[in-house]
Amino acid sequence: MQIENKTYKYDLINLCVTVPFLVLIAACGVLLVLYSTSKYGSAITHDSVAYIYAAESILSGKGMQYFGYDSPLVQWPPLFPLILAGMKSAGVNLIFASAHFNGIIYALVILISGLWILKNTRNGIFAIIGSLALLASIPLYYVSRFIWSETLFIFFTLLFFISMDNYIEKTYTKVPLQKKTSEEPSTEKSSIKFLILASIFAALACLTRYIGITVVITGAMVLLIQKKKVFNRLLEIVLFGAISSVPTVIWVVRNYLLTGTLTGGRFPSQNGINENIELFFKTISLWIAPTYSENMAYLIIGIFIFIAIIIILICKINLTSQVSISASNNVNANNNVNKIIILLIFSIIYSVYLLLSASTVSFDSINNRLLSPIYIALILLMLFTIAAFIDIASKGKVNMILITILAALLFSSWIVYPLSEIRDDANYSYENGAGILSSKWWEQSPLIEYVRELPSDFVICSNCPDAVYIHSGKISRYPPKKEGLHWYGIRQFEKIVEENENVYIIWFDVDVGESIYNIQELQEYFRIEVIDKLYDGIIYSVHQ
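Please read all numbers here as calculations on a predicted model, not as lab measurements.

**Details of the pairing of strand 5 (residues 503–508)**
Every regular strand shows the same layout, with side chains that alternate between the two sheet faces. Within strand 5, 6 of the 6 residues are buried, which leaves the element mostly enclosed by the surrounding structure. With burial as the criterion, each face of strand 5 is covered, one bearing Val503, Ile505 and Trp507 and the other bearing Tyr504, Ile506 and Phe508. Taken together, the 4 bridges between strand 3 (residues 459–462) and strand 5 define a ladder with parallel strand orientation. By the bridge assignment, Cys461 is partnered in strand 5 with Ile505. As defined by bridge partners, strand 5 adjoins strand 7 (residues 537–543) across 6 bridges and the pair is classed as antiparallel. Bridge pairing in strand 7 places Phe508 opposite Gly537.

Encoded structure:
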């Protein structure tokens, strides 16, 4: 009883001292995003404009339309545009309101992660270190500046981790690789709500980004490796799969009926698997160390993953009985191993899926944006690995102090270097714009100013229609693509020119690749005249 009272007092003090720190760190996340975007709004790319345009097309009664061509939106799932539509209906400016939205989601990710760590490790230092590592996260801060869906996707993925872990923990006191002993009471009925919650969060992740399928696969794998009767496992997988997958399946069927494709036209990748693997590891290494310290970054990550695997094996084959730990510590270690398994499975599945996709289909090169969901999984994986190691190792004060110091030293590499990078980036974003289309250069563009003065009945095409649309408020479209769906092709563009008297092309002096027809190529089909030349590009009129 005396030991229990001491433990209760320790937990209460830990809670009262640690939680205010976690709230403060989370609040810093909001302020960091808002500071970076305060002058020019959220960072904007073509994807951002596509989300905004889809939201506005919903409100105008046209359904969910793709930006740049008169075609349905199929390239992304619908949840993020629907959220933006809801915000837009409240009369807010999406460029600035999105920064508040992403900032709040970023803060929730930091806070919920910290509370999850605190609850399961009962170590305030670990919770604060984890929250600081997320605040100082180069990829999480990067994606939160943009009008992108990644921050929301990470949020739903985190809630999936917690719900799935709660389901496993409420069902068993052992890791999912072990059978429940006859002495342990069954709590499967009371834990089913956590399985349903995990299914819902997986569904929301899929409706946010197509790569959310990796969350569904992770859930199915975790359920599959439980030591239950085969029928029970299959029943749970079917339940989880139905709830998590059906909404996205309905959306994909809609895509196919409208366009004949599941997720839009895709081109073969230009990067091979070897190049993508190199980009994968290089990007991750730069999260915790400068370029010249890549090998040290690999070593740190490798050590943690190796220890995590060893701990899983120890708990699996019951080697814990051979070391001097108490029964309660054994349960704590096993519960942390539950989390390690879930996080490790997700990290592997997400990484493999991304590498295979990037080597098969053409999209952005592997970068901070695409790998941002891995960051939080790695941070949590490492912290729960250390916590499990402490529970398995001797509980002597010296050992505890040494392990805590080791953890702090290792995690300082995830905080000190990235924090300095983020500080410099935030200051630059404040002065010059958060990135890409949200910048001083685009705000002051003479071509954009020219477009603002054009009559509303003019049809505007551009090699940068997203910039035209965001900064002038006028709907613009791309020139025709050389390949793709029929909405994107030269015949559709011919109809536009034939049906409209005033068709202008605003051509910026920027490199846009070879997927669209350039001016010289368009001259083979149309009569094109120069209207004006400005320092950042040329205005053309197009006629049959």
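**As for the packing of helix 2 (residues 46–59) against helix 19 (residues 465–472)**
Where helix 2 meets helix 19, the axes come as close as 10 Å, and the angle between the chain directions of the two elements is 55°. Taken together, helix 2 and helix 19 sit at an angle that is classed as oblique. At the point where helix 2 passes helix 19, the crossing takes the left-handed sense. Residue-level inspection shows His46, Val49, Ile52, Tyr53 and Glu56 of helix 2 in contact with helix 19, the latter providing Asp466, Tyr469 and Ile470. Grouping the amino acids of the contact of helix 2 with helix 19 by side-chain chemistry returns 5 nonpolar, 1 polar and 2 charged.

**Looking at a nonpolar patch on the surface**
Residues Ile273, Ile277, Phe281, Ile348, Val352 and Leu356 make up a contiguous nonpolar surface patch of about 500 Å² in total accessible area. Elements with a contribution of two residues or more to the nonpolar patch: helix 11 (273–285) and helix 13 (327–360). Inspection of the secondary structure puts Phe281 in helix 11. Using a relative accessible area of 42% as the deciding quantity, one classes Phe281 as partly exposed.

**Here's the deal with helix 4 (residues 94–121)**
Working note: α-helix, 3.6 residues per turn, so residues spaced by three or four point in the same direction. End to end, helix 4 covers 39 Å across 28 residues, agreeing with the expected 40 Å (1.5 Å per residue, within 8%). Across the 28 residues that make up helix 4, a large majority, 20, are buried. The opening residue of helix 4 is Asn93, an N-cap whose side-chain oxygen sits 2.9 Å from the backbone nitrogen of Ile95. Phi for Arg122, located one or two positions after helix 4, is positive at around 55°.

**Let's talk about helix 9 (residues 213–224)**
Here helix 9 contains 12 residues, and its C-alpha end-to-end distance of 16 Å stays within 8% of the 16 Å for a straight helix at 1.5 Å per residue. Those residues of helix 9 that fall on the buried side of the exposure criterion are Thr214, Val215, Val216, Thr218, Gly219, Val222 and Leu223.

**Observations regarding the packing of aromatic side chains**
Counted under the stated rule, the structure contains 28 aromatic pairs. Geometrically, the ring pair formed by Tyr53 and Phe67 is edge-to-face, given 5.5 Å between the ring centres and 70° between the ring planes. Of this pair, Tyr53 sits in helix 2 while Phe67 is found in the loop between strand 1 (65–66) and strand 2 (71–72), placing the two residues 14 residues apart along the sequence. A relative accessible area of 13% places Tyr53 in the buried class.

**Focus: the pattern of salt bridges**
Scanning the model with the defined rule gives 14 salt bridges in all. Glu521 is paired through a salt bridge with Lys482; the nearest N and O atoms lie 3.0 Å apart. Here Lys482 lies in the loop between strand 4 (476–477) and helix 20 (490–499) and Glu521 lies in helix 21 (residues 519–522), a separation of 39 residues in the sequence. Relative accessible area serves as the criterion here: at 24%, Glu521 is assigned to the partly exposed category. Assessed through its relative accessible area of 36%, Lys482 is described here as partly exposed. A salt bridge links Arg527 to Glu529; the shortest N-O distance between them is 2.5 Å. Arg527 sits in the partly exposed class, given a relative accessible area of 42%. By relative accessible area, Glu529 is classed as partly exposed at 35%. What you see here is one network of salt bridges that share partners, running through Asp47, Glu150, Arg209 and Arg369.

**Some remarks on the side chain of Asp536**
Within the element layout of this structure, Asp536 appears in the loop between strand 6 (527–534) and strand 7. Of the side chains bearing the opposite charge, Arg452 lies closest to the buried Asp536, which forms no salt bridge; the N-O distance is 9.8 Å. Within the structure, the side chain of Asp536 is placed 2.5 Å from the side chain of Ser445, a separation counted as a polar contact. Asp536 has contacts with Trp441, Ser445, Pro446, Leu447, Trp507, Phe508 and Asp509, leaving out every residue within four places of it along the chain.

**Details of the sheet that holds strand 6**
Taken together, 5 strands build an open sheet; the order of strands is 4-3-5-7-6 and the sheet is mixed. Across the chains shown, the open sheet's two edge strands, defined by having one partner strand only, are strand 4 and strand 6. The pairing of strand 6 with strand 7 spans 7 bridges and is classified as antiparallel. Paired with Lys533 across the bridge in strand 7 is Ile538.

**Some words on the nonpolar core**
One finds Leu84, Phe160, Met164, Phe240, Trp287 and Trp414 to be the most contacted residues of the largest nonpolar core, which totals 158 residues. Membership of the second largest hydrophobic core comes to 5 residues, among which are Ala43, Phe146, Trp148 and Ala434.

**Some remarks on the pairing of strand 7**
With 6 of 7 residues buried, strand 7 is to be regarded as a mostly interior element. Adjacent in sequence and paired antiparallel, strand 6 and strand 7 are bridged by 2 residues.

**Comments concerning the environment of Glu483**
Along the chain, the position of Glu483 falls in the loop between strand 4 and helix 20. Placed 218 residues apart in sequence, Glu483 and Gly265 show a C-alpha to C-alpha distance of 8.9 Å.

**Points about unusual backbone geometry**
At Arg122, a position not held by glycine, the phi torsion is positive, near 55°. Within the secondary structure, Arg122 sits in the loop between helix 4 and helix 5 (124–135).

Definitions and cut-offs
Residues numbered from 1 in each chain as written. Predicted model: local features only at pLDDT ≥ 70, side-chain atom pairs only at ≥ 80, totals over all residues. Heavy atoms only, no water. Buried < 20%, exposed > 50% of the residue type's maximum accessible area, 1.4 Å probe, protein only. Helix = DSSP H or I, 4+ residues; strand = E, 2+ residues; numbered from the N terminus. Pairing = 2+ DSSP bridges. Axes fitted to C-alpha atoms, helices over the stretch in contact; angles between N-to-C directions. Parallel < 35°, antiparallel > 145°, perpendicular 65-115°, else oblique. Left-handed = near helix turned anticlockwise from the far one by under 90°. Contact = heavy atoms within 4.5 Å. Nonpolar A, V, L, I, M, F, W, Y, C, P; charged D, E, K, R; others polar. Patch = residues over 30% accessible without salt bridge, like charges linked within 9 Å, V, L, I, M, F, W, Y side chains within 5 Å. Areas by Shrake-Rupley, 256 points an atom, 1.4 Å probe, with all protein chains shown as cover. Salt bridge = Lys/Arg side-chain N within 4 Å of Asp/Glu carboxyl O. Expected span 1.5 Å × (residues − 1). Polar contact = N/O pair within 3.5 Å; in protein donor to acceptor, adjacent residues only side chain to side chain. Phe/Tyr/Trp six-rings, centres within 6.5 Å; stacked < 30°, edge-to-face > 60°. Lys, Arg positive; Asp, Glu negative; His and termini not counted. Core = buried A, V, L, I, M, F, W, Y, C linked by side-chain atoms within 4.5 Å.

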